[in-house]
Amino acid sequence: MFYIRAFGHSLLHALKNLFPIIAVVVFFQLVVLQQMPDNTLSMAIGLLIVAAGVALFLQGLELSIFPVGKSLSNQFAKRGSVPILLSFGFAMGFSAVVAEPALIAVAQQAQEISEGKIDALTLRLLVATSVGVVIALGVFRTIFGYPLHWFMIIGYITVVIVTWFAPEEIVGLAYDSGGVTTNIVTVPLIAALGIGLAASIRGRNPLTDGFGLVALAVMVPMITVQLYGIVVYSGGVSDEAGPMLLQDEGEAISGALKMLLELAEMFRDVLPIILTILFFQYIVLRRGLSNPPKILFGFLLVILGLYAFVVGLKMGLFPIGTSMAEQLIELERFGFIYLFAFMIGFATTMAEPALLAVGKQAEEAASGRINGNAIRILVALGVAVGISIGVHRIIVGGSMHYYIMGGYTVVIILTALAPKYIVALAYDLGGVTTSEVTVPLVTALGIGLATNIEGRSVLIDGFGLIAFASIFPIVTVMLYAIAMQWLTDRREVRP
């Protein structure tokens, strides 16, 4: 009975996160377009399946991954062994990102659009490995107290340099891959690890030293995926027959067997997390799990939730994004496309649970210097502006290279100018803006625009909106901190 009530609460929570998207879409369909798409019922059912999948997934996390992950983090922090902490950071970063629903969605889209040249599993393993390495690096930084801003400045200078040499087919996808790594699974685990370490080490500040792991997890995949693209598009990797053959075989498989195979794939996605927890719990700590049946049930819910989420994406969120793009382009009033992008960005970000959690943690850690509600509005405005600029790039056909390099050049300059207490938080906020619901819709919107605007390439122009949604919140939050610092200094100077 308790689990049913908890699932009902999670389902209401998921529907609440979906409501801003539904409200914006309904407004545009009824007021602007004055028509409803033909597959409205299928989309509505898909949205309900997405909500149910997210609810099952969250409930499974609460029963299994979250409590075990937090318990392991606390035990390793108390032990104080640097090698164990670094290896645990790598393992948690890798295993959490491999099972990230938003990354699964983006990787599948990339494989389909590139006709198999970009392999979905390879992309996910590459991103997950990058996050694992960088979480270990972030744990090292927290332990020894190195300032984050130097890591970020050097890192994003590297990002900009790699972007200059990367093929245009991979740039948008690379930045989107970085943007979706920190989401429903990773943010709570990574944030808890960083803040827990900073709180348990003498001389560390939870605000300046505890935050920043999420930011690093966003940055490094941008570099590695672009390097992967350089290899793929220089002829180093080629085998387009594999995915097409699998697709042909899949068509001959019965529906029930296909569902079992898809569930098996979801189990494969979650398996790294299970193995990581079992290894560190039983081999490293040599302690048993507190409630194995409960944890096993939680993992089962995670797998079922992931499956429902992916099914719902194909029925609901992907068709909504592409349908809205087609309808708005047919209207030939691009101002409404900008308005739709802005409203979707703002509304969904204001409802983002990870943003609420990080904002609350930051308010507590900052001891009154940061207002959680002001931060949420600034981040939502940043996402709205970012997605609107990304849509503008698709419409006018500008090069992704110059937009991204220009955006991160601004970020690097602001990092050098901003008060040091805000740097880690600003980068983390840029990483938690895109939810498991927002990412598929925004990705579908970009792909739909690129498909329906003459002269645009779906692979080159369709990806990248998530990247813009990650850049501009960093800018708005840092500008806010700089302005507040300037006002404070002026008040102190006055006689």
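Residues numbered from 1 in each chain as written. Predicted model: local features only at pLDDT ≥ 70, side-chain atom pairs only at ≥ 80, totals over all residues. Heavy atoms only, no water.

With that settled, consider the overall build of the protein. Looking only at helices and strands, one finds 21 helices and 0 strands in the protein. When each of the 495 residues of the protein is scored for burial, the buried share is 56%. Restricting the contact set of the protein to residue pairs at least 6 apart, pairs at least 24 apart contribute 86%. (Helix = DSSP H or I, 4+ residues; strand = E, 2+ residues; numbered from the N terminus. Buried < 20%, exposed > 50% of the residue type's maximum accessible area, 1.4 Å probe, protein only. Contact = heavy atoms within 4.5 Å.)

Interhelical geometry of helix 6 (residues 148-165) versus helix 17 (residues 400-417) gives an angle of 165° and a closest axis separation of 10 Å. Here helix 6 lies roughly antiparallel to helix 17, going by the angle between them. Judged by the twist between their axes, the crossing of helix 6 over helix 17 is left-handed. Taking contact as the criterion, the partners of His149, Ile153, Tyr156, Ile157, Val160, Thr163 and Trp164 in helix 6 are, on helix 17, His401, Tyr402, Met405, Tyr408, Ile412, Thr415 and Ala416. (Axes fitted to C-alpha atoms, helices over the stretch in contact; angles between N-to-C directions. Parallel < 35°, antiparallel > 145°, perpendicular 65-115°, else oblique. Left-handed = near helix turned anticlockwise from the far one by under 90°.)

The subject of this paragraph is the pattern of salt bridges. Using the criterion set out here, one finds 1 salt bridge in the structure. The partner of Asp461 in a salt bridge is Arg393, with the nearest N and O atoms 3.5 Å apart. In this pair, Asp461 is assigned in helix 20 (residues 458-461) and Arg393 in helix 16 (residues 372-396), connecting sequence segments 68 residues apart. Each member of the pair, Asp461 as well as Arg393, is classed as buried. (Salt bridge = Lys/Arg side-chain N within 4 Å of Asp/Glu carboxyl O.)

Our focus in this paragraph is the packing of aromatic side chains. Under the definition given, this model contains 8 aromatic pairs. Ring centres 4.4 Å apart and planes at 10° place the aromatic pair Tyr156 and Tyr408 in the stacked group. In this pair, Tyr156 is assigned in helix 6 and Tyr408 in helix 17, connecting sequence segments 252 residues apart. Under the relative-accessibility criterion, Tyr408 is labelled buried at 0%. Geometrically, the ring pair formed by Tyr156 and Tyr427 is stacked, given 5.7 Å between the ring centres and 15° between the ring planes. Residue Tyr156 is found in helix 6, and its partner Tyr427 is found in helix 18 (residues 420-431); the two are separated by 271 residues along the sequence. Residue classification places Tyr156 among the buried residues on the basis of a relative accessible area of 1%. One aromatic cluster is present, formed by Phe27, Phe28 and Phe340 through successive ring pairs. (Phe/Tyr/Trp six-rings, centres within 6.5 Å; stacked < 30°, edge-to-face > 60°.)

The next subject is the environment of Thr122. Tracing the sequence through the fold places Thr122 in helix 5 (residues 120-144). Judged by relative accessible area, Thr122 falls into the partly exposed class, the value being 35%. In this structure the C-alpha to C-alpha distance between Thr122 and Ala107, which are 15 residues apart in sequence, comes to 9.1 Å.

Turning our eyes to something else, we now look at helix 17. Along an α-helix, a turn takes 3.6 residues, which lines up residues three or four apart on a common side. Between its terminal C-alpha atoms helix 17 stretches 26 Å, which fits the 26 Å expected from 18 residues at 1.5 Å a residue. Listed as buried for helix 17 are Met400, His401, Ile404, Met405, Gly407, Tyr408, Val411, Ile412, Leu414 and Thr415. (Expected span 1.5 Å × (residues − 1).)

Ranked by size, the top nonpolar core spans 149 residues in total, and within it Phe76, Tyr156, Phe340, Val391, Tyr408, Tyr427 and Leu449 carry the most contacts. In this structure Val391 touches Ile337, Tyr338, Ala341, Leu445, Leu449 and Leu465, once residues within four positions along its chain are discounted. (Core = buried A, V, L, I, M, F, W, Y, C linked by side-chain atoms within 4.5 Å.)

Let us look at the packing of helix 7 (residues 168-179) against helix 17. Helix-helix packing: each pair is described by the crossing angle between the helix axes and the interaxial distance. Where helix 7 meets helix 17, the closest approach of the two axes is 9 Å, and the angle between their N-to-C directions is 40°. The angle between helix 7 and helix 17 falls in the class oblique. Seen from above, helix 7 lies across helix 17 with left-handed handedness. For the pair helix 7 and helix 17, contact is made by Glu168, Val171, Gly172 and Tyr175 and by Met400, His401, Ile404 and Tyr408, respectively. For the contact of helix 7 with helix 17, the class distribution of residues is 5 nonpolar, 2 polar and 1 charged. (Nonpolar A, V, L, I, M, F, W, Y, C, P; charged D, E, K, R; others polar.)

Across the protein, pLDDT averages 78, with 83% of residues at or above 70. Averaged pLDDT values over the elements of the protein bottom out at 42 in helix 11 (residues 241-252) and peak at 88 in helix 16. Every residue in residues 237-252 is under pLDDT 50, and counting partners more than four places away or in other chains gives 9 contacts. (pLDDT = per-residue confidence, 0-100.)

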